[in-house]
Structure formats: C-alpha cells, structure tokens
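Below, each chain spelled out in residue letters.
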Amino acid sequence: MDLARQVFAVDLLERYAAKGHGVITCMAAGNDVIVLGTSKGWIIRHDFGVGDSNDIDLSSGRTGDQSIHRVFVDPGGSHCIATVVGTGGAETFYTHAKWTKPRALSKLKGLVVNAVAWNRQLITEASTKDIILGTENGQLHEMAVDEKDKREKYIKFLFELTELPESFMGLQMETAFVSNGGTRYYVMAVTPRRLYSFTGIGSLESVFSGYVDRAVHFMELPGENPSSVLHFFFKQRRAINFAWLSGAGIYHGGLNFGASHSSQDGDENFVENKALLDYSKLSEGTEVVKPSSLAVSEFHFLLLIGNKVKVVNRISEQIIEELHFDLTSESASKGILGLSSDAYAGLFYAYDQNSIFQVSVNDEGRDMWKVYLDMKEYATALANCRNAMQRDQVYLAQAESAFSAKDFFRSASFYAKINYILSFEEITLKFISVNEQDALRTFLLRKLDNLSKDDKFQITMISTWATELYLDKINRLLLEDDSASCDRSSEYQSLIKEFRAFLSDSKDVLDEATTMKLLESYGRVDELVFFASLKGQYEIVVRHYIQQGEAKRALEVLRKTSVPLDLQYKFAPDLIMLDAYETVESWMTTNNLNPRKLIPAMMRYSSEPHAKNETHEVIKYLEYCVRHLNNEDTGIHNLLLSLYAKQEDDSSLLRFLQYKFGKGRENGPEFFYDPKYALRLCLKEKRIRACVHIYSMMSMHEEAVALALQIDPELAKAEADKVEDDEELRKRLWLMVAKHVIEMEMGAKRENIRKAIAFLTETDGLLKIEDILPFFPDFALIDDFREAICSSLEDYNKQIELLKEEMNDATRGADSIRNDISALAQRYAVIERDEDCGVCRRKILNLGGEYGTARGYTPVGSMAPFYVFPCSHAFHGQCLIAHVTRCTDQDQAERILDLQKQLSLSGGETRKEPNGSLTEQEPIAYFTPVDKLRSQLDDAIASECPFCGELMIREISLPFILPEEEQEVSSWQIKPPSAATQRSLSLAL
C-alpha cells in the first residue's frame, strides 16, 4: 500500500512501559496522558504533554498477588480511577495528576469496576463532578471527588440489573441543558448481551429512580461477547456517533441528543441511523472471528483481531487497511492486548505486555466523498468534497444518473455545475443528440448562474443561445397549437413570462444588436419592444405604440425621466394627430419642454379641419404656455394669435391683443408677438377691430381711425380720444371722424344736419363750427348753422377779453420787475469793522494792497473786493474764488478760472457812479462785455453761500483723507525700530 495514501499509521511509542513493575494488564488515555495498569498492582502515568512520568503502587498494604483489573482516565487527563484485584478481593482507588498517593474508595470495596462514564460537559481539573461507575455484578453507582478534599464527596447507588444480571462492560454519558434551566442526562451502558439507554431531567439519582416503576429501554442482540465495549466519537466536545462491540457484530449509529422522537416505552430515543456490521464481513474465510477490542474514529472502526488491527470504513463497511505491530519475542505469545483512544488528542493506542504503540490518523475524511458517491448519497458526498474536481465527479454521477433515467431537466441542472472534467461542448451535444431543446435551455440557464462575472464573453454567448432557444420554443408552441396565441394557453403565457424575466435579468450581458435581430427575425414584436425599453431604445418602443394606435402608452414611455426630450419633439406630430387630448395633457405635465420645438406638430394639427364645437387642443396648450408658463417666445405668441384670428368669434383675439403679458417687468415689452405680422394676418383674415387695435398700439392713429370708421364710428371716436399729448393730431383725428359723420348724416332732411352739428359737443370744444363747415355742401342753408355760428362767435369774444386781461397783467408784472431791479441795485449790507473773511480769517475791510484787485472788479475805496451773503457770511473775492474752485467739480472749476482769465484780459470798465452803482438814467439792458463776464462769474461763485448751500452738503460725502494726501498720512505712521537702531540699557544690580 502507498504509505503516502495510508490513513492510519503505527509507531512504537514506548518499548518497556511497565518499568519493571510486571507486565501491562490495562491502559487508558486522555489529553496526551497515558495511564497503564500492571500485573503487580502498579499504575504508571505518562504525561507526553510535559514529558513527565510517575509510578503509584496500589498494592501497598495488601497481601498476596495484586493486579490492576481496569484503569480509567478522564478526557482531560487529570482524574484516574483504578481497580485492583487479588487474593484479598477487589478494591478501587482514585488518584489525581497532582497526587503522589492514591485514595481508596471504601464504599466500593469488594466491587470490581468495569466501566466509568465521565461527565464531559461539567468535569474540571479540580473536580470530577458527577460520574457513573459500572460494576461486574451489574450495578451502577454515582460518585464525585474534589481534588482539594483528598476524598470522595459521595458515592450513591443508582441502579442494578435484576431481570438479567450481567456485568456492565461499557458506560458513556452525555448531558444537555433544557429550557427551564435543568439538565437532561443521556446514559448508555452495555453488557455482554444488551445495550441499555437511560434518560431523564434532574439529577442522576432522580433519573435512575424513575426506572423503578418502568422498564428500561434496551437493545439485545444474539450471541455474547465477553469483550463487549461501548465507545462514543466526539466532535467539538459533543458525541455524534457510538459503536458497541456486541456478540452479533458492531452495532453503531448516530447520536442526536436534541431529538424528541419517543420510543414505545416512553424514553426519548436519541439514536439515529442505526446499523449492524456483521463480523462475517471482516473475515476472509468461512470462519468468523470476533474482534477483541474496538476503537472509533469519525469515519472508521479500528478492530483488534489477533495481532493486527483492521480498519473498517463505518459507512461502506469495507476494510481499507490492516495495521501490523512490531512485537518483541516476549510479547509475541500473547500479542496485542487491547486498544485505547484519546478523544482530545485524536490519537489511538495499542498495547501488549511491555510496549505501547501509537496509531495516528492522517486525514481520514479525504476519500469519504468517494465512499458516499459509491453509495449514491450525493448530498453527503458533496459535503465531504475537498476541491472542485471532486465536486465535479459527484455532479457528473448525479447528471449521468438522471440522464439515464431520462430526467433531462434534473440532469441539465447537475451538468451545469460541472466546470472541469467535462467540456461545455460535450454536455450540449448530449442534449442535442437526444433532441432535448428544453433541457438544453435549462442547462444554459443554470450554467449562467454558475459563471462568475468575469466570464463576460461566455455569459454573452450562452445568453444569446438561450434567447434563441426561448424563441424557438415559443414558435413551436404556436405551431403545435394554433390557438395558443389567441387563447393564450397557460404554457404559452408561462413561457412568455419566463422569457421576459430572462431578458430583464440578462439585458446588461446580451448584445443589443444581435438580440434585436433575433427577436425581429422570429417576429416577436412585443418582446422586441419590451427588450428595447429595457435597453433604453425608447424610439423603437414609441414608434411601435404609435403604429398600434396606442398613443397613451407611447406618451407614458416619453414621460419617463430617462427618456430624452428630443423624442418628445420627434414624435409630437404623429402623437397629436393620433390623440390630441392625451398628447396636450402630456405636454402640460412634462417639465423642461420647449414649446417652440413643438410648433411644427401644432401647425400640422391646426391645418386639419375641426368640428365647430370641438376644443382646439393646440390653443389650449398655447394658452397654458403663455399664461401659466409665462412663455415669451415670439413664435409661440404669433402662432396663438394666428389660431385666434382664424376663429369665427374674434373676442378671444381681441382679449389676447389687449392683454399685457409683460406687465410688471422692468424695461420689458408689454407684448411678445410681432405686431407687423399680427397686422398682416388680421388684415388677411379681415379682423377689422383687431387691426384697429394693432394700428393704435403702433401709434398709427390716423390709420386706426380710418379703419374704425368703416365699421363703427364710436370705435373711431374712442381711438381719437386715445391721443392726449398731441393736440394737433387729436384735432386731425376728430376732423376725420367729423367728416365721416357729416357725410353719413347728410340728406334731404334738415334734422340730419343738426345731428351732424351736434357732434361738435362730443369733441369737448376741440372742434369749432368753422372747422367742420368745409365738410358741408355749398347749398346748405345758413339757418341750419346759425346757432352754432353765434355760439362760436361768443366763444371768440370771450377769448379776446381773456387775452386783453392777460396782456394787462403782463404789463403790470414788467413794471413791478423793473422796480424790483432798481431796488436791488441799491441794496446794501452792514459790515462790522472786525468782520473776518470766512476762508482766510483776516479782516474783510483791510486795504486792497495785501490781496491785489482782480481785473474787472470795481474797488470800494482802498479796500479789496469782497462778497457778503444774506446769512451774514463774508468772503474776500479772491478767497471765495479759490474756495469754490477747490470744492466744486472739475468742469465748474475750469469755467470759473476761464471767466477770471477773461476778466483779467479785458481792459474795459463799466460805467459806475462813484459808489459803484448804475445810474438811474441808464437802461438795465445796457451792459459792457466786462459787466457780462463779471455777472457770469458772480453767478458761478456767489449764487449761494459756500458754507450754507449745496456745496457744503456735497462735502459730507467726501473722505477726510483725499487720495493725493496718502503720502502725508503715511508719514504719521509709527514704525517699529530696526535692530540696528535699537540700544540696550543695562541696569546695575
């Protein structure tokens, strides 16, 4: 056998393990600790975890030959129980890993302990908690020992076999916590013939006391095995399998301590999948040989038969290996004595009289998938697979089994999971060869589920093939049943629904062009539209609905936010002709729609004839744009105006023309339509009133009145009255109206002339009788105009009188002004002797030599020229000029300097009286050029006091520091001294 493939391997662990204390009689192991019992009453403890070993003599104080009958070690390797038998009877001892001396269990004196059940869930290094001891006389006892007390806490009798007294050969115990906080105990015990099971909630004592009144559940098998033994296999500290070495074979099964199935006797049965491995399967010949010892691993039984161990697979019940041992000549006669297992370390041990052999396990589950596969337990085989190749073999076996049974759909599902051992092409050819298109489609769909996202090309190709298979199946259904498309059979409908779901799931991996060609070639228009909508090809979808006359569905597609607005404009002409109401309603609920781009569609709709009482949907939409959306587009307004103009009733047109859409907008127009276009259109459609309004709006009042006179003189009068700021034009318009009225009222009867003359009262005096007389015929009698002429003459007389009065008032006013001017020339102001100039703060009455006299000024004696204002502020002439020039704006300052320059260059003098006033005999208008210049200069600098007038008010807004003074400001800044200029001052301490 290939050693690399061996699951179990044997190694010599210790050759002379008894250390001269006799020969080995028994052995137990737990947590890398081995305890041996010898024929001279010694127990030898080997701790391979720490590399320590110690011997304890249990025969001390006993007479005669003493031998260790059984030795037991807890799974943690701390607690040890051993029974000594000899001429003096049997005695049981307890020892702890930390003790050097054993403790005799006096209450068990005389009893031979064959089995011990450890409480694995509760046991600790310091305490055994409650454990069960099985004796050779068929009794069960409960015991607990604490290491610190150096003695047993208690030993209680629990149970005794009375019906068939036998020795207890093996004991195992498991516990589980229940919902009410109690503990449930599960106990299994074996004798040479039977397997007993006990269960209950509470304490061990209460559990076994319950069997006083009821029968014990047991399993009895034929035959008797004096080497009967019971083993549990533990995984994650919980027993999951058991095996009993019985007389008939190895009775084994699974353990489920959470099961609630009740057996016939009322006990909860926690054993599942029970089976019996007959000993005949272990023998090569006809002679049946029973094993003398048993050990249990996760998947195998280790059976000691003679001097070799046969490894039997628990599932297949086949011998997979035989283990041989290197025995010494001294031990060859008796051979291997027994097997022992270490549940924590996962190791097994075999021993003879002198040596210990270690049986190690090398990945015993690696081939279990094959075992389960051979047994056709596929789910369990998959659970035990280690890699993809192993899983592929399991899937292949399942697929071929289903394929052979003609269960093609199930076979397709398994074939789809295969990745390596069978190619994609081989699998598809299998289905094609048996003409199973539906199973092939199932295989492709399942294959898509198993592919990773990175296999983009494979996904696209397989999806496309699946699409074609779907289409082929649909067509076959239609051919098989012609009524399928009409009656919509359940299979057909189900397939269509499945196909659409597939398209939805695969829309991102299917090639758009290829898929659409496939759908088109198979004539599946509905699915083509469905796929196009999935891919965002809304143009195809909308065009299809329009061809089907389903405008509402087309509009629903266009209203989606993902649909570009360009499609709205593109299909607007077709949609509005198909269903104008729904189309316009859709437009009105769509945001960001540009009405200008809908004009072609609206014009197409408007060009078609409509019923008289039919709502014009385009007008409704345009009114919505203009009134609610405040649209300012000229094209929209022009189109609405044109539609109004074509209506029989022109009321809507007039309201539209009169409405001021731009009202309230700053610097905006009052209307947005083109007035010239509107005028041409209204003239073409003979909408006279509208034309009148447009002419008036364009300030073409004469045209408006002339056109209004054709239909309604009252309208013409209203238009004439609209002109308010141009009296001449207004009169001209009323003359046009008057001429029309006179021509209309002229006739044979004199009353008509009187009506025409009465028209003058409507003009509010704008027209007189003489204005309209030229419009009357030459043969009209004067008597008809007498009253009007007399009234006119009286009005003229009143006007003449008013003019005379106005002339007299003007003459009196001129005289008054002349007197005021004369008085003004003689006006004077009193100047105190110490009065200061407001600018230079020097005395006003100083001699003129200090300032000089400007050319053109008249000196007052020897003093310099000065100005005195009614507010009592006084200024030297030169100071006032300098101040005003500095404070006023640049243009005014330049004008003042220019006037001053002209005065300096002028050499003329005004004629004055010695006091500087004009003579009374000279007229006011008589001025020399110098006087005019000086007057202009006075107006420029002395029209108001510079300290009390607007000049001072304007200075409030000026900054305190002018830009040209920045250098002066910077000179006042305090700068930190430089390091070079700093001086240090040392202080003497």
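1. Digging into unusual backbone geometry
Phi is positive for Glu 317, close to 60°, though the residue is something other than glycine. With respect to the helices and strands, Glu 317 occurs in the loop between β24 (308–313) and β25 (319–324). What makes Glu 317 buried here is its relative accessible area of 15%. One non-glycine residue, Ser 699, adopts positive backbone phi at about 65°. With respect to the secondary-structure elements, Ser 699 resides in the loop between α22 (688–697) and α23 (701–708).

2. Describing the sheet that holds strand β7 (residues 79–86)
Strand order across the open sheet formed by 4 strands is β6-β7-β8-β9, with antiparallel pairing between neighbours. A strand with exactly one partner marks an edge of an open sheet, and here the two such strands are β6 (66–73) and β9 (103–104). Summarising the sheet, strand β8 (residues 89–96) and β9 pair through 2 bridges and their orientation is antiparallel. By the bridge assignment, Tyr 94 is partnered in β9 with Arg 103.

3. Some thoughts on helix α15 (residues 565–578)
End to end, α15 covers 19 Å across 14 residues, agreeing with the expected 20 Å (1.5 Å per residue, within 8%). Along α15, the largest kink reaches about 55° and is centred on Ala 572; proline Pro 573 follows within four residues of it. Taken residue by residue, α15 has Leu 567, Gln 568, Tyr 569, Phe 571, Ala 572, Pro 573, Leu 575 and Ile 576 as its buried positions. Those residues of α15 that are buried lie in contact with α13 (538–547), α14 (551–558), α16 (580–589), α17 (599–606) and α18 (617–627).

4. Things to note about a nonpolar patch on the surface
Together, Phe 960, Ile 961 and Val 969 make up a nonpolar patch on the protein surface, roughly 340 Å² of accessible area in all. Relative to the elements of secondary structure, Phe 960 occurs in the loop between α32 (950–954) and α33 (966–970).

5. Quick notes on the sheet that holds strand β23 (residues 300–305)
Taken in spatial order, the 4 strands of this open sheet run β22-β23-β24-β25, and their pairing is antiparallel. Strands at the two margins of the open sheet, each flanked by one partner only, are β22 (293–296) and β25. The mean inter-strand angle of the sheet, taken between neighbouring strand axes irrespective of direction, is 20°. In the sheet, β22 pairs with β23 via 4 bridges, with the strands oriented antiparallel. Among the inter-strand pairings, Val 296 is bridged to a residue of β23, identified as Phe 301.

6. Examining the side chain of Ser 652
Tracing the chain through its elements places Ser 652 in helix α20 (residues 651–658). Here Ser 652 falls in the buried class, since its relative accessible area comes to 18%. In contact with Ser 652, not counting residues within four places along its chain, are Tyr 644 and Gln 647.

7. A short note on the packing of aromatic side chains
This model, assessed by the stated rule, comprises 28 aromatic pairs. Summarising the aromatic geometry, the rings of Tyr 196 and Phe 198 are spaced 6.5 Å apart at their centres and angled 15° between planes, so their arrangement reads as stacked. Tyr 196 gets classed as buried once you look at its relative accessible area, which sits at 3%. The class for Phe 198 is buried, based on a relative accessible area of 0%. Each member of the aromatic cluster is reached from another via a ring pair, and the members are Phe 159, Phe 168, Tyr 196, Phe 198, Phe 208, Tyr 211 and Phe 218. Positioned above the aromatic ring of Tyr 470, the side-chain terminus of Arg 441 is 4.9 Å from the ring centre.

8. A few points about the packing of helix α4 (residues 388–404) against helix α5 (residues 408–415)
At a closest axis distance of 8 Å, the pairing of α4 and α5 adopts a crossing angle of 165°. Relative to α5, the element α4 lies roughly antiparallel. Where α4 crosses over α5, the two elements pack in a sense that is left-handed. Taking contact as the criterion, the partners of Tyr 395, Leu 396, Gln 398, Ala 399, Glu 400, Ala 402 and Phe 403 in α4 are, on α5, Phe 408, Arg 410, Ser 411, Phe 414 and Tyr 415. Along the lines of polarity and charge, the residues of the contact of α4 with α5 split into 8 nonpolar, 2 polar and 2 charged.

About the criteria used
Residues numbered from 1 in each chain as written. Predicted model: local features only at pLDDT ≥ 70, side-chain atom pairs only at ≥ 80, totals over all residues. Heavy atoms only, no water. Helix = DSSP H or I, 4+ residues; strand = E, 2+ residues; numbered from the N terminus. Buried < 20%, exposed > 50% of the residue type's maximum accessible area, 1.4 Å probe, protein only. Pairing = 2+ DSSP bridges. Expected span 1.5 Å × (residues − 1). Bend = angle between axes of the 7 residues up to and from the residue. Contact = heavy atoms within 4.5 Å. Patch = residues over 30% accessible without salt bridge, like charges linked within 9 Å, V, L, I, M, F, W, Y side chains within 5 Å. Areas by Shrake-Rupley, 256 points an atom, 1.4 Å probe, with all protein chains shown as cover. Salt bridge = Lys/Arg side-chain N within 4 Å of Asp/Glu carboxyl O. Axes fitted to C-alpha atoms, helices over the stretch in contact; angles between N-to-C directions. Phe/Tyr/Trp six-rings, centres within 6.5 Å; stacked < 30°, edge-to-face > 60°. Lys NZ or Arg CZ within 6 Å of the ring centre and 35° of its normal. Parallel < 35°, antiparallel > 145°, perpendicular 65-115°, else oblique. Left-handed = near helix turned anticlockwise from the far one by under 90°. Nonpolar A, V, L, I, M, F, W, Y, C, P; charged D, E, K, R; others polar.

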